[in-house]
There are 2 protein chains.
Amino acid sequence: MNTMESYLEGKWRIGTGKRTTLVNPSTGEAVAEASSEGLDMKAALEFARAAGPGLRAKSWKERGEMLRVMSRAIHAHRDELIGLAIMNGGNTRSDAKFDVDGASGTLAAYADLGVELGDARVLPDGEAVQLGRGARLFGAHAWVSRQGAAVHVNAFNFPAWGLAEKAAVALLAGVPVVTKPAISTALVSHRIVKILVDEGACAPGALSFIAGSTHDLLDHLDGQDVLAFTGSSDTGALLRGGKSVLAHSVRVNVEADSLNAAVLGPDVEDGSDLFHLFIGDVVRDMTQKTGQKCTAIRRVYVPRGKEELVEERLSERLAAIKVGNPSLDEVTMGPLATEQQLKDVRRGVARLETCARRVFGDPNVVSPIGEGTSRGFFISPILLVSDSPEPTDAVHTHEVFGPVATLISYDGSADAAAALVRAGWGGLVSSVYSDDKAFVKSFVLAVAPFHGRVTIGSSKMAGQAIPPGTVLPQLVHGGPGRAGGGEELGGRRGLAFYMQRVAIQGDRALVESILA
Amino acid sequence: MNTMESYLEGKWRIGTGKRTTLVNPSTGEAVAEASSEGLDMKAALEFARAAGPGLRAKSWKERGEMLRVMSRAIHAHRDELIGLAIMNGGNTRSDAKFDVDGASGTLAAYADLGVELGDARVLPDGEAVQLGRGARLFGAHAWVSRQGAAVHVNAFNFPAWGLAEKAAVALLAGVPVVTKPAISTALVSHRIVKILVDEGACAPGALSFIAGSTHDLLDHLDGQDVLAFTGSSDTGALLRGGKSVLAHSVRVNVEADSLNAAVLGPDVEDGSDLFHLFIGDVVRDMTQKTGQKCTAIRRVYVPRGKEELVEERLSERLAAIKVGNPSLDEVTMGPLATEQQLKDVRRGVARLETCARRVFGDPNVVSPIGEGTSRGFFISPILLVSDSPEPTDAVHTHEVFGPVATLISYDGSADAAAALVRAGWGGLVSSVYSDDKAFVKSFVLAVAPFHGRVTIGSSKMAGQAIPPGTVLPQLVHGGPGRAGGGEELGGRRGLAFYMQRVAIQGDRALVESILA
């Protein structure tokens with residue numbers, strides 16, 4: 001069997017002890033195994049930190065060029081990576097492209113940013129300001145690279161994009177990366193790192209990879225290191241409360257649960273382009289990646305009186321979804337990624353059923369197509385309806401990480417819609433579909449403090465809109481409260497996490513020459 | 001005896017149970033008492049949050065005008081507040097002015113910023129960017145006010161400025177404040193809140209005040225609230241690891257210990273203006289507020305060969321310090337703020353003496369002038385010299401929060417100076433004194449990732465420099481690692497902590513109209 005190695009201290013290494021088995025979630029077949037037990041995590045972290053000066057000797061532009069080489073290396077192996085994602089991730093070809101092209105695309109976007117930032121190594125922050133009464137004394141702010149390592153702990157759903165989107169920003173900021181994907185779907189991440197190492201795409205030591213658990217790695221973090229995590233709220237809280245993290249004020253970024261909402265405005269007529277956009281976005285963001293997307297739509301709010309119409313339209317579209325082994329071209333939704341995921345989603349649906357009734361799909365009934373699928377982790381798309389939602393209902397408090405959404409009516413006012421959306425207590429993204437500008441403005445401003453991103457669907461945009469579930473490198477990704485309180489990407493905004501903002505105070509000419 | 005009340009839910013309230021006694025640290029006399037036991041902290045927090053919509057209905061400019069009224073109200077009671085600071089804080093008149101004028105000055109600076117930001121309520125963040133290929137789809141970022149309350153837990157050393165600098169930023173950002181000063185010196189904070197309440201300076205409910213412990217307040221924080229703390233690293237870690245903080249990803253800002261360094265460049269000659277500036281800054285930032293300043297200079301690095309000269313000059317200046325009851329005009333350094341502080345500083349000096357030898361002052365010998373001072377918490381200024389410093393020495397790891405600094409030599413190179421400064425593992429501010437531009441540039445860039453602020457003293461600036469220990473509202477205040485990883489002030493930068501950055505995605509005209 002294929003044994004996945006870790007890449008630590010500049011060498012591929014196999015752990016000792018009990019190995020974890022990776023499977024094909026469509027068939028339950030074992031496809032690889034891995035262990036990181038016994039590997040020296042302290043040495044690995046120190047090795048990563050020691051690669052920092054070399055990386056930071058490069059200018060923004062040179063680091064950008066490095067990201068370009070990484071992006072191209074991944075793109076050159078696109079078909080192979082898509083194949084691995086289908087096999088180890090249960091991805092359809094389209095799901096896999098979303099992940100793999102998201103990886104190369106985000107690296108390319110940060111490559112462009114590096115070129116734009118040019119030959120310097122420091123990032124000025126605003127204008128110099130005069131201090132005091134004398135005409136010489138000035139203060140200026142700048143972002144400077146942290147001198148530690150970035151530890152990235154990623155989720156199982158995006159083994160390519162998750163690795164690349166975090167690494168792109170850290171590496172451009174001049175901080176070496178130790179990346180740890182969720183083990184269940186790690187073949188894609190592993191292959192990416194192997195490609196990058198084999199092709200010498202990264203600066204030496206700038207990218208390390210853990211195939212398995214981090215063991216005691218996080219106990220060795222210090223005040224110049226950072227920790228970025230994507231996954232559950234519970235694990236996020238655990239990492240944020242870690243002993244070293246607290247003792248050394250280690251920066252932690254968490255992307256966690258999010259009950260993303262889509263709201264249909266009261267003005268949108270059945271059959272209109274905007275109505276189609278809304279239905280299409282909901283179905284895509286429910287079923288893409290089998291609903292295992294932190295930006296997937298979990299709550300669908302429609303004006304009272306339109307529940308039946310929307311229920312009918314969504315059900316029609318969900319009925320057309322072909323569940324099965326995504327190695328078959330006609331399959332449009334693959335399995336969940338793991339057996340545990342299947343259990344969790346079934347349990348989650350039962351929880352939602354305490355406050356909503358199921359109107360499409362059954363968590364225990366599905367007929368996947370393709371060979372060997374009887375041992376796969378398949379589930380049907382599931383739609384529920386909540387008739388009289390309360391803020392404390394499971395629909396507002398529990399994220400079911402699968403192809404599951406709940407339809408909820410509201411009274412047609414922006415305030416009521418916003419109040420229901422806010423009951424999710426912090427999300428990555430919510431969306432509103434309406435051409436009523438006053439409605440849209442009220443809604444967006446009322447939900448904005450609870451979100452990292454809000455998308456607006458309007459008739460003018462129907463032909464060119466990007467669905468809310470698609471994370472773009474130019475815009476921030478993250479959200480307050482339940483969503484973990486983190487922020488990633490957003491162009492140069494994402495660099496801040498890996499840098500220290502410093503004020504420099506003194507003679508103007510001197511301050512400016514230091515920051516040039 | 002004067003009983004300090006808390007101002008919660010819009011009323012002055014006295015707690016039950018055992019009261020804490022506040023004393024005059026120059027004489028040990030009791031001056032007031034307080035307890036917040038039995039007060040309903042959950043209700044107080046909810047009341048503060050409920051004041052948010054009223055505050056946020058005001059524009060930037062209107063909130064700025066409110067800060068102006070607050071600033072003026074404090075300034076109008078300047079003499080009274082200075083008197084309280086001398087009596088309850090052991091401040092000299094000059095120390096007290098630094099605190100009280102810092103409070104009104106910071107409020108005034110944020111009042112100006114509010115006026116500058118104008119009639120809007122949202123703060124745009126950068127330009128809108130085109131997304132995708134169509135010419136209409138854009139994304140823009142903006143900061144929007146959080147909808148919770150800001151809990152401010154302040155240190156004993158700045159009962160006026162600490163309250164005001166945090167409140168100015170939170171209130172301008174539209175977030176109501178619950179402020180809790182350290183009880184030992186809280187008379188000044190209490191009086192300020194009383195003045196502001198009596199004069200109706202704040203929006204209703206926008207400022208609450210706890211005279212005593214926060215009890216279960218922090219257990220009720222949620223994802224829209226924020227917690228800002230100034231104090232010890234240990235307490236900072238405790239707050240950051242609090243159950244509600246972790247469960248709801250509550251934003252926490254910590255300003256903690258900091259072993260601020262001052263570095264003399266190899267080019268600076270005895271007797272020069274720059275040498276005088278250096279000596280003056282070190283003495284001021286050692287002894288102002290009896291060294292109880294988070295930005296005080298704790299470590300003094302001088303090129304090898306100049307140790308004796310600097311030791312001599314500093315000792316001369318320290319010998320001229322008049323320790324005593326600051327109600328006497330001739331006194332230039334008052335007592336420490338509490339008996340506990342006196343114990344801690346004596347213990348801290350003993351710790352420093354494990355790696356450095358004492359060359360000026362004795363922690364157990366002092367002859368304060370003024371009546372009743374035999375029961376006061378006085379200490380002499382203390383200078384130590386470390387001949388062969390190691391990075392793990394107490395001088396690099398332990399902050400003694402009093403008029404105590406250690407003189408350390410380095411080989412005259414910027415790299416060596418920076419390496420020693422970095423051994424403090426993160427500070428609020430460090431300073432360098434040199435006219436050698438190459439030396440300054442190397443040093444500043446090498447220490448910048450470990451600091452929130454770096455100040456440069458040069459001959460040109462000698463007449464108009466602001467000492468490193470003075471925090472300015474225009475520049476960020478905070479630092480990574482040991483310093484707590486926080487960031488306050490910095491003009492509009494400080495607003496970010498109280499706001500959520502959100503990306504809005506859609507038709508360009510619509511996105512721009514929402515953010516207008």
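As shown above, the structure is provided for reference.
### Considerations on the relation of the copies chain A and chain B
- Once chain A has been moved 0.0 Å along the axis and rotated by 180°, it coincides with chain B to within an RMSD of 0.0 Å. Taken together, these values place the two copies in the relation of a two-fold axis. Closest approach to the rotation axis among the C-alpha atoms of chain A is made by G241(A), whose C-alpha sits 2.6 Å away.
- The residues that chain A uses at the interface reappear at the interface of chain B in 100% of cases, marking a shared surface.

### A closer look at the sheet that holds strand β4 (residues 20–23) of chain A
All names here are of chain A.
- Judged by pairing direction, the sheet is mixed, and its three strands sit side by side in the order β1-β5-β4 without closing on themselves. Of all strands in the sheet, those bounded by a partner on one side alone are β1 (3–4) and β4.
- Where β4 and strand β5 (residues 30–34) come together, four bridges link them in antiparallel fashion. Paired with T20 across the bridge in β5 is A34.

### What about the pattern of salt bridges?
- Scanning the entire structure with this criterion turns up 52 salt bridges over all chains.
- The residue R313(A) makes a salt bridge to D270(A) at a minimum N-O spacing of 2.9 Å. Here R313(A), found in helix α11 (residues 307–319), pairs with D270(A), found in the loop between β13 (261–264) and α10 (273–287); they are 43 residues apart in sequence, far enough to count as distant.
- In this structure, R19(B) and E33(B) form a salt bridge, with 3.0 Å as the shortest nitrogen-oxygen distance. Of the two residues, R19(B) sits in the loop between β3 (11–13) and β4 (20–23) while E33(B) sits in strand β5 (residues 30–34), which places them 14 residues apart along the sequence.
- We classify E33(B) as buried; its relative accessible area is 18%.
- Connected through salt bridges with shared partners, the residues D125(A), R501(A), E487(B) and R493(B) form a single ionic network.

### Some remarks on helix α6 (residues 161–172) of chain B
Residues and elements named next belong to chain B.
- Taking 1.5 Å of rise per residue, the 12 residues of α6 would be expected to cover 16 Å, and the 16 Å separating its terminal C-alpha atoms lies within 8% of that figure.
- In terms of burial, α6 is largely enclosed, as 12 of its 12 residues are buried.
- G174 occupies a position one or two residues after α6 and carries a positive phi of about 90°.

The rules behind the values
Residues numbered from 1 in each chain as written. Chains lettered and ligands numbered in written order. Predicted model: local features only at pLDDT ≥ 70, side-chain atom pairs only at ≥ 80, totals over all residues. Heavy atoms only, no water. Least-squares fit on C-alpha atoms with pLDDT ≥ 70 in both. Contact = heavy atoms within 4.5 Å. Pairing = 2+ DSSP bridges. Helix = DSSP H or I, 4+ residues; strand = E, 2+ residues; numbered from the N terminus. Salt bridge = Lys/Arg side-chain N within 4 Å of Asp/Glu carboxyl O. Buried < 20%, exposed > 50% of the residue type's maximum accessible area, 1.4 Å probe, protein only. Expected span 1.5 Å × (residues − 1).

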